[in-house]
Amino acid sequence: MRIATWNVNSIGARLPRLLPWLEETAPDIVALQETKCAAGAFPYLAVQALGYEAVAAGDGRWNGVAILSKLGLTDPTTDLAGYPEARLAAAQCGPLHVTSVYVPNGRSPEDAQYPYKLEWLAALRARLDGFEPTQPLVIMGDFNVAPTDDDVWDVRAFSGSTHVTPAERAGVQALVDWGLSDVRARPGKGDHPFTYWDYRAGMFHKDLGMRIDLVLATASTRVTDAYVDREARKGKLPSDHAPVVVDIDL
DNA sequence: ATGTCATCTTAGAGATGA
């Protein structure tokens, strides 16, 4: 079984990249983030034509998440403890429970968005109380957290910034401590499996990226391979994130 | 280290967020 997560930075703008990618990569389940698309305007028919059922959350301009599944999609939810923003979608997809997340960015450690980010991560952890660490389960998406110093191109450049603070990392670690593994993908280039590169300043070309798109999986998913699809970050009108593709043996 | 991109407002360039 192949699963993937991709922050597409607008599904409307990215459909010409997403649909061919789905056909070539043939994932069974895909978590999408930053669809920037109202739930009612989601391109259900376009993905249905490729064999996917979908659940989408979105209020239009910002945020927006979705799950695509070829293996069935039951008990969908888009609610996280009453948080109003469209940042979580979850469903049972055949044998696997899947959650797609778009964790708040935080903006800066001084911004009100920063404690909001930490609270949101804590709510995500609390939500796991309804599940078992022994069951096949993944939480994947854009966490807006680089779990280690090695997950940014130069940690010195992040002094005073979000994404690398101990509190944010503790928020992700709490998910791991519950019983999830941070699946380490093979890098597409260099030593670092970065998943995001700023559009500006030739960051992608210089491989000055960050590993902030994560796949957190329970042991029973039995991961056999994982890679960052760097090709999807190249070419015409790419997202600023690359997909992470994970093969599991369920 | 901010050189780009996407969206919305509301009809053209500016604001916002990442």
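These numbers were taken from a predicted model, which means no experiment stands behind them.

Rules used in this analysis
Residues numbered from 1 in each chain as written. Chains lettered and ligands numbered in written order. Predicted model: local features only at pLDDT ≥ 70, side-chain atom pairs only at ≥ 80, totals over all residues. Heavy atoms only, no water. Helix = DSSP H or I, 4+ residues; strand = E, 2+ residues; numbered from the N terminus. Buried < 20%, exposed > 50% of the residue type's maximum accessible area, 1.4 Å probe, protein only. Contact = heavy atoms within 4.5 Å. Pairing = 2+ DSSP bridges. Axes fitted to C-alpha atoms, helices over the stretch in contact; angles between N-to-C directions. Near = heavy atom within 4 Å. Polar contact = N/O pair within 3.5 Å; in protein donor to acceptor, adjacent residues only side chain to side chain. Nonpolar A, V, L, I, M, F, W, Y, C, P; charged D, E, K, R; others polar. Expected span 1.5 Å × (residues − 1). Bend = angle between axes of the 7 residues up to and from the residue. Phe/Tyr/Trp six-rings, centres within 6.5 Å; stacked < 30°, edge-to-face > 60°.

Details of the overall build of chain A
In terms of regular secondary structure, chain A is built from four helices and 12 strands. For chain A, the C-alpha atoms occupy an extent of roughly 45 × 40 × 35 Å along the three principal directions. Going through the 250 residues of chain A one by one, you find that 54% of them count as buried. By sequence separation, contacts in chain A at least 24 residues apart represent 67% of the contacts at least 6 residues apart.

Considerations on the sheet that holds strand E11 (residues 223-228)
A sheet is described by the order of its strands in space; here six strands give the open sequence E3-E4-E2-E1-E12-E11, paired in mixed fashion. Of all the strands in the sheet, just strand E3 (53-57) and E11 have a single pairing partner and so form its edges. Looking at each pair of strands side by side, their axes are set apart by 10° on average, direction ignored. As judged from the five bridges shared by E3 and strand E4 (residues 65-69), these two strands associate in the antiparallel manner. Residue pairing across strands places Ala54 opposite Leu68, the latter belonging to E4.

A few points about the protein's contact with DNA strand B
As a matter of local geometry, DNA strand B sits amid 15 residues, with Ser10, Arg14, Arg61, Arg200 and Leu208 nearest to it. Close to the protein, within 4 Å, the atoms of DNA strand B belong to sugar or phosphate groups at a rate of 49%. Lys206 has a polar side-chain atom sitting 3.3 Å from a base nitrogen of DNA strand B. Looking at side-chain class alone, the surface near DNA strand B contains five nonpolar, three polar and seven charged residues.

A word on the environment of Pro193
Looking at where Pro193 falls in the secondary structure, it is placed in the loop between strand E9 (181-182) and strand E10 (213-217). Considered as a pair, Pro193 and Ile212 are 19 residues apart in the sequence and their alpha carbons are 9.8 Å apart. Apart from the residues within four sequence positions on either side, Pro193 is in contact with Arg184, Ala185, Arg186, Pro187, Arg211 and Val228.

Focus on helix H1 (residues 11-25)
Look at H1: only 17 Å from first C-alpha to last across 15 residues, short of the 21 Å you get at 1.5 Å a residue. The largest bend along H1 reaches roughly 45° and is located at Arg17, with the proline Pro20 sitting one to four residues downstream. If you check which residues of H1 are buried, you get Ile11, Arg14, Leu18, Trp21, Leu22 and Thr25. The positive-phi residue at the C-terminal boundary of H1 is Ala26, with phi of around 55°.

A short note on the sheet that holds E10
Strand order in the open sheet made by the six strands is E5-E6-E7-E8-E10-E9, with mixed pairing throughout. Among the strands making up the open sheet, the edge pair consists of strand E5 (74-77) and E9. One ladder, built from six bridges, connects strand E7 (residues 96-102) with strand E8 (residues 137-142); its direction is parallel. Paired with Val98 across the two strands is Val138, which belongs to E8.

Considering the packing of aromatic side chains
Inspection of every chain in the model, using the stated rule, returns five aromatic pairs. Taken together, a centroid distance of 5.0 Å and an interplanar angle of 55° make the contact between Trp6 and Trp21 tilted. With Trp6 in strand E1 (residues 2-7) and Trp21 in helix H1, this pair connects stretches of sequence that are 15 residues apart. Across the pair, exposure class does not vary: Trp6 and Trp21 are buried alike. When the ring of Trp197 is compared with that of Phe204, the centres are 4.9 Å apart and the planes differ by 85°; the resulting orientation is edge-to-face. Here the two residues Trp197 and Phe204 agree in accessibility, since each one is buried.

Brief notes about unusual backbone geometry
If you check the backbone angles, Asn63 has positive phi at about 60° while not being a glycine. Following the sequence through the fold, Asn63 ends up in the loop between E3 and E4. Exposure remark for Asn63: the relative accessible area of 8% places this residue in the buried category. If you check the backbone angles, Asp207 has positive phi at about 55° while not being a glycine. Here Asp207 shows up in the loop between E9 and E10.

Describing the environment of Asp177
By the secondary structure assignment, Asp177 is in helix H4 (residues 166-179). In this structure Asp177 comes out as exposed when scored by relative accessible area, which is 57%. Residues Asp177 and Arg125, spaced 52 residues apart in sequence, show a C-alpha to C-alpha distance of 9.8 Å.

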